[in-house]
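Fold and geometry: a report
What follows is the residue order along each chain.
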Amino acid sequence: NPQTMNIELITQLTHPVAQLALAIEDRLMEEKKLGLKHFDMYQDQLEREHGGKGDTFQYPAAFVRFQPMSWETLGEGLQHSMCEFFIVVADKNKEKTHHSKSNHTRKKAFESYNLEESVSKALHKWSPANAPAGTITRVGMPQPVETFQSVVSHVITFRCRLHDSELKTKYKTPDPLPELNMTMNVEKL
């Protein structure tokens, strides 16, 4: 069961971004109505596949890409950051949206928006239980991006608060200094 493997993997990893990526994967892949067949960290797979230089994968597919983060220290090694990430949703679609096409053809062409909306609904207002993250919110309107060889993709922007407590320093409190006797012998002065 891939989901069980991710839960075990999440508990073994300490980096909050890795934990969040696996929790998002679990969430999207368990949603059967999405019909996703592939999930991965986004590393320009669509562009590489279009150029014939990438690994092939099945569609529909979803990818996650995290934006750089600035961490704020809260004390005792606890840090948090506002985490912004993109979900790239891609699917094969050979139909055109042009107004001169039949309604049936146009409906099929716009179906990629249904997939994007379903992914948005699966993640918006969701709090991953197995990752150190707060509630995820969609913060931008999905943007359709370039289509490669009948692949339509959308980029959806999300945001959540990410926490990292693994940086806490584990140290032993030093033993107290012995009490010093600071009395002066006045007679010798």
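What this report covers is the structure whose coordinates are included nearby. (Residues numbered from 1 in each chain as written. Predicted model: local features only at pLDDT ≥ 70, side-chain atom pairs only at ≥ 80, totals over all residues. Heavy atoms only, no water.)

Take the pairing of strand S3 (residues 72-75) next. Across three bridges, S3 lies against strand S4 (residues 78-92) in antiparallel orientation. In the strand pairing of S4, Thr73 is matched with Gln79. Hairpin connection from S3 to S4: two residues lie between these consecutive antiparallel strands, with Glu76 at a positive phi of about 55 degrees. (Pairing = 2+ DSSP bridges. Helix = DSSP H or I, 4+ residues; strand = E, 2+ residues; numbered from the N terminus.)

Turning to the nonpolar core, a few remarks are in order. Judged by nonpolar contacts, the single largest core of 28 residues is most densely connected at Leu20, Ile24, Leu28, Phe85 and Ile87. Residue assignment for this core shows that the elements contributing at least two residues are helix H2 (16-30), strand S2 (61-66), S4, helix H5 (111-123) and strand S7 (151-164). Apart from the residues lying within four places of it in its own chain, the contact partners of Leu28 are Leu34, Leu36, Phe39, Ala62, Val119, Ala122 and Leu123. Leu46, Tyr59, Ala61 and Ala90 belong to the second largest nonpolar core, which has eleven residues in total. (Core = buried A, V, L, I, M, F, W, Y, C linked by side-chain atoms within 4.5 Å. Buried < 20%, exposed > 50% of the residue type's maximum accessible area, 1.4 Å probe, protein only. Contact = heavy atoms within 4.5 Å.)

All quantities given are derived from atomic positions and should not be read as evidence of function.
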